[in-house]
Amino acid sequence: MRRVPPMPKIKPFEKYPTEYEAWFERNKALYASELNAIRTFIPANQYGVEIGVGTGRFAVPLHIRVGVEPAPALAALARKKGMSVYEHCAEALPFPDDIFDFALMVTVICFVDDIEKAFQESYRILKPKGLLIVCFIDKNSRLGQQYQQEKAESRFYEQATFYGVEDVTGYLSGAGFEDFEFRQTIFDPKAEGLQPVKKGYGEGGFVVIKGVKKTIHPSPCQPI
């Protein structure tokens, strides 16, 4: 597997993999709420890949066995959980065209260097009518505003770029996705216990968007 050189946005994950894992242990209810929101869009018995798989915290419980992760330290931890992980970035995926039924990206777009290229690559590797499921912190939510205010003090989010829902759907449309559906959760980051999953967006800090790869039909032959 070809390694990618550490980039500024992934260096903290490479340097502090244990601290990354510890967040999930400290915030089990938030983590479970996010998993529940994502699970509503994961198709059963389909071939999927997680792009930016990290340590496999989402892929493993969602039964996704293939991942892409540019930070070698995180990739190594995901492999210990039984995953097949390729050390590449989202803008240059190591797969042929039209191979996966769905692709998942969880809090990844804030760290990619080129979101348009990342979505174009996701489109390329999906089968016709394949699904791209994108999960992120909505910059316009209360949680998103908090993240932005505190990003300078965060090891992991200092160089992150946050997006709103309209931003993300615009990039997805430009890459060739359509028929969007939305789920949201994390309405109060300080609340104890599981938080509900609701349709739509605008209230929850954690948003999940499902987009469908367009099937482009060839134009009918014109008479000569």
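The shown structure was predicted, so the numbers you read here are calculated from the model rather than taken from an experiment.

A. Here's a closer look at the environment of Val-85. Turning to its location among the elements, Val-85 is positioned in strand S3 (residues 84-86). Overall, Val-85 belongs to the buried group, its relative accessible area being 1%.

B. Up close: the packing of helix H5 (residues 115-125) against helix H7 (residues 165-175). Here H5 crosses H7 at 50°, and the two axes come no closer than 9 Å. Looking at the two axes, H5 sits oblique to H7. Relative to H7, the crossing made by H5 is right-handed. Of H7, the residues touching H5 (which contributes Ile-115, Glu-116, Phe-119, Gln-120 and Tyr-123) are Val-168, Tyr-171, Leu-172 and Ala-175. Along the lines of polarity and charge, the residues of the contact of H5 with H7 split into seven nonpolar, one polar and one charged.

C. Here's a closer look at the environment of Lys-11. Take Lys-11: it is sitting in helix H1 (residues 11-15). Placed 60 residues apart in sequence, Lys-11 and Ala-71 show a C-alpha to C-alpha distance of 7.5 Å.

D. The arrangement of the pairing of strand S5 (residues 126-137) in detail. Of all 12 residues making up S5, nine are buried, and the element is well covered by its neighbours. Bridge analysis of strand S4 (residues 100-106) against S5 gives six bridges, and the strand direction is parallel. Each bridged residue has a counterpart across the sheet, and for Phe-102 the counterpart in S5 is Leu-131. Remark: the S4/H5/S5 crossover connection has right-handed handedness.

E. Broad picture of the packing of aromatic side chains. This model, assessed by the stated rule, comprises 14 aromatic pairs. On the numbers, 5.9 Å between centres and 75° between planes, the contact of Phe-24 with Phe-58 is edge-to-face. Note that Phe-24 is positioned in helix H2 (residues 17-26) and Phe-58 in the loop between strand S1 (48-51) and strand S2 (66-68), a separation of 34 residues in sequence. An aromatic cluster is defined as three or more aromatic residues linked by ring pairs; in this entry it consists of Phe-13, Tyr-20, Trp-23, Phe-24, Tyr-31, Phe-58 and Phe-111. Positioned over the ring face of Phe-187 is Lys-198, at 4.8 Å from the centre of the ring. Above the ring of Tyr-123, the side-chain terminus of Lys-213 is found at 4.6 Å from the ring centroid.

F. Focus on the packing of H2 against helix H4 (residues 72-80). Interaxial distance between H2 and H4 falls to 9 Å at its minimum, and their mutual angle equals 55°. The angle between H2 and H4 places the two elements in the oblique class. Residue-level inspection shows Pro-17, Tyr-20 and Glu-21 of H2 in contact with H4, the latter providing Ala-73, Leu-74 and Leu-77. Among the residues making up the contact of H2 with H4, the classes are represented as five nonpolar, no polar and one charged.

G. Structural context of the confidence of the model for the protein. Residue-level pLDDT values for the protein average 90, and 92% of them are 70 or greater. Across residues 217-224 the pLDDT falls below 50, and counting only partners more than four positions away or on other chains, this stretch makes zero contacts in the model.

H. Examining the sheet that holds S4 more closely. The eight strands lie next to each other as S3-S2-S1-S4-S5-S8-S6-S7, forming an open sheet whose pairing is mixed. In the strand order of this sheet, the two ends are held by S3 and strand S7 (198-199), each with one partner. Both S5 and strand S8 (residues 206-213) contribute to a ladder of seven bridges, which runs antiparallel. The residue of S8 that forms the bridge with Val-134 is Ile-209.

I. Quick look at H4. Among the residues of H4, Pro-72, Ala-73, Leu-74, Ala-75 and Ala-78 are the ones counted as buried. Those residues of H4 that are buried are in contact with H1, H2 and S3. Once H4 finishes, Gly-82 follows within two positions and takes phi at roughly 95°, a positive value.

Rules used in this analysis
Residues numbered from 1 in each chain as written. Predicted model: local features only at pLDDT ≥ 70, side-chain atom pairs only at ≥ 80, totals over all residues. Heavy atoms only, no water. Helix = DSSP H or I, 4+ residues; strand = E, 2+ residues; numbered from the N terminus. Buried < 20%, exposed > 50% of the residue type's maximum accessible area, 1.4 Å probe, protein only. Axes fitted to C-alpha atoms, helices over the stretch in contact; angles between N-to-C directions. Parallel < 35°, antiparallel > 145°, perpendicular 65-115°, else oblique. Left-handed = near helix turned anticlockwise from the far one by under 90°. Contact = heavy atoms within 4.5 Å. Nonpolar A, V, L, I, M, F, W, Y, C, P; charged D, E, K, R; others polar. Pairing = 2+ DSSP bridges. Right-handed = clockwise from strand over helix to strand, strands pointing away. Phe/Tyr/Trp six-rings, centres within 6.5 Å; stacked < 30°, edge-to-face > 60°. Lys NZ or Arg CZ within 6 Å of the ring centre and 35° of its normal. pLDDT = per-residue confidence, 0-100.

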